[in-house]
Structure formats: structure tokens, C-alpha cells
Amino acid sequence: MTGMATIGLAATTLGGCINVSAPDKPIEINLNISVTQEVVYRLDGEAKSLIQQNPGGIF
């Protein structure tokens, strides 16, 4: 209970001492994000043989 009494006393003594003001300089946030994507594809046997027979891409 002693800790709660101390917190209550501190809260009453600091009741009106909070000031909030905007900074003089803009806030700068640097986000260094690296995005890598891996694409995995599977072809069925018929599609695979069709692509091998027509490597130019015209079906």
C-alpha cells in the first residue's frame, strides 16, 4: 500500500504541469525497406511440352 500512496501523492503534485508543444523542425522518418519476391510456378506436362515445341511463344 505504501507504493500506491506514493503514486497518488506524486500524481496530485504533478497534476497541472504537463505542456505539449510542436517541435521546431519537421519529424524525419527514414524507412529503409527491402522487398524481395519469389515467384514459384508449376506447369503441367502438356503445357510444358507445348512451350518446348514452340520456343518463340506463338501457339
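What counts as what
- Residues numbered from 1 in each chain as written.
- Predicted model: local features only at pLDDT ≥ 70, side-chain atom pairs only at ≥ 80, totals over all residues.
- Heavy atoms only, no water.
- Helix = DSSP H or I, 4+ residues; strand = E, 2+ residues; numbered from the N terminus.
- Buried < 20%, exposed > 50% of the residue type's maximum accessible area, 1.4 Å probe, protein only.
- Areas by Shrake-Rupley, 256 points an atom, 1.4 Å probe, with all protein chains shown as cover.
- Contact = heavy atoms within 4.5 Å.
- Patch = residues over 30% accessible without salt bridge, like charges linked within 9 Å, V, L, I, M, F, W, Y side chains within 5 Å.
- Salt bridge = Lys/Arg side-chain N within 4 Å of Asp/Glu carboxyl O.

Undergrad: Where do I start with the overall build of the protein chain in this structure?
TA: Per the secondary structure count, the protein chain includes two helices and zero strands. Across the 59 residues in the protein chain, those meeting the buried criterion constitute 0%. When the accessible surface of the protein chain is totalled, it reaches about 6400 Å², and 58% of it is carbon and sulfur.

Undergrad: Got a minute to help me understand the environment of Leu 43 in this structure?
TA: Mapped onto the fold, Leu 43 is located in the loop between α1 (2-13) and α2 (45-53). Among residues more than four places away in sequence, those in contact with Leu 43 are Lys 48 and Ile 51.

Undergrad: Honestly, a nonpolar patch on the surface in this entry has me stumped. Any pointers?
TA: A cluster of nonpolar residues, Ile 27, Ile 29, Leu 31, Ile 33 and Val 35, forms a patch on the protein surface that exposes about 650 Å² of accessible area. Structurally, Ile 27 is set in the loop between α1 and α2. On the accessibility criterion, Ile 27 (70% relative accessible area) is exposed.

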